Amino acid sequence: MSSTELPGTSAANAAVAPKVATVRVAEGEELRSVTLPGLTLTVRSRPPATPGLPPALYVHGLGGSSQNWSALMAQLEDVVDGEAVDLPGFGDSPPPDDGNYSVTGHARAVIRFLDASGRGPVHLIANSLGGAVCTRVAAVRPDLVRTLTLVSPALPELRVQRSAVPTALLALPGVALLFARLTQGWSAEQRTRGVLALCYGDPTRVTEEALRHAVEEMERRMRLPYFWDAMARSARGIVDAYTLGGQHGLWRQAERVLAPTLLVYGRKDQLVSYRMARKAAAAFRDSRLLTLPDAGHVAMMEYPETVAQAFRELLDDCSRS
């Protein structure tokens, strides 16, 4: 097994569909495609304010994309050289050739990208599913990670919140297709408002412009023939990762992380319980905990200035040690 591989990979075929529409690129951002063995990744970057800044990589959550990081990337352009990746099957990245959407499969994609780019070690910043993925990356490849910042990481919970159950049900065979049929009459705006209500502590914080951009992105995604498959398989990957024990269990791997870690939890998170914050702070050996009373599941989009300040303090702590 090469140093870029992780154990437990399953193979399945997945068709790579053509792009159906242009993805939005915010002012100051750049988008490029990176082809690697078995997958193609779209990478969003924001040139640093000054050359020579340390590299950072942002990794989104289930159903998200690199666009989820635009606000935080802009906040941190003076301290890191930031790139955000679209995981396979999400954003503008096509499905992986092997159809593997497990946490391990996504982690392998991140590792392959970092190895190929030569930018490591990086400041690794992740949300939700991306948090589980990057916990695994930091545990098995500590050489690639300077610091780890996890916003509402999807780590195993013994008692899942009731509001998170519908998302978890996507992991069951046939549920995603059933939901697609039942909601085929929903408009892109209805779907978008539903997602915002689930992910934001206060959806009214979303500006009209941001809502318009989110609706446009939803319209684009719903035209992708692999949209529901990527969602269902990735949701199944999270559930499967929750059941793993031994050295491959996510909590065991959290204990192995050497990188200084910033944990960000929102008290109004409907998908990852705030109850897990203390457990996470105890599991990661060198951790700092930021709790936001009014934030939901995507604090980096809701309160980018606050999250950015906490990250700056993490950098200051690391520079002093």
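This structure is a prediction, so every number in the text was calculated from the model and none was measured.

*Asks:* Account for the packing of aromatic side chains, naming residues and giving values.
*Replies:* In total, this model carries 2 aromatic pairs according to the counting rule given. Both rings, one in Tyr-58 and one in Trp-69, keep their centres 5.4 Å apart while their planes meet at 40°; by these two values the pair is tilted. Of this pair, Tyr-58 sits in strand 3 (residues 55-59) while Trp-69 sits in the loop between strand 3 and helix 1 (70-75); the two residues are 11 residues apart in sequence, bridging distant segments of the chain. The residues Tyr-58 and Trp-69 share a single accessibility class, namely buried. Pairing Phe-227 with Trp-228 gives two aromatic rings, centres 5.0 Å apart and planes at 80°, and the pair type is edge-to-face. Classification of Trp-228 by relative accessible area gives buried; the value is 16%.

*Asks:* Describe in detail the confidence of the model for the protein chain, supporting the description with residues and values.
*Replies:* Of all residues in the protein chain, 85% have pLDDT values of 70 or greater, and the mean over the chain is 88. Throughout residues 1-17 the model reports pLDDT below 50, and contacts reaching past four residues in sequence, or to other chains, amount to 43 contacts.

*Asks:* So, the environment of Arg-141: which residues are in play, and what are the values?
*Replies:* Topologically, Arg-141 is positioned in the loop between helix 3 (129-140) and strand 6 (145-151). The buried category is assigned to Arg-141, whose relative accessible area is 9%. Each C-alpha atom, one on Arg-141 and one on Pro-121, is 9.6 Å from the other, the two residues being 20 residues apart in sequence. Here the side chain of Arg-141 touches Asp-115 through a polar contact of 3.0 Å, side chain to side chain.

*Asks:* Go over the environment of Arg-236 with me, naming the residues and quoting the values.
*Replies:* Within the secondary structure, Arg-236 sits in helix 8 (residues 227-243). Sequence separation between Arg-236 and Ser-102 is 134 residues, and the spatial gap between their C-alpha atoms is 7.3 Å.

Procedures and definitions
- Residues numbered from 1 in each chain as written.
- Predicted model: local features only at pLDDT ≥ 70, side-chain atom pairs only at ≥ 80, totals over all residues.
- Heavy atoms only, no water.
- Phe/Tyr/Trp six-rings, centres within 6.5 Å; stacked < 30°, edge-to-face > 60°.
- Helix = DSSP H or I, 4+ residues; strand = E, 2+ residues; numbered from the N terminus.
- Buried < 20%, exposed > 50% of the residue type's maximum accessible area, 1.4 Å probe, protein only.
- pLDDT = per-residue confidence, 0-100.
- Contact = heavy atoms within 4.5 Å.
- Polar contact = N/O pair within 3.5 Å; in protein donor to acceptor, adjacent residues only side chain to side chain.

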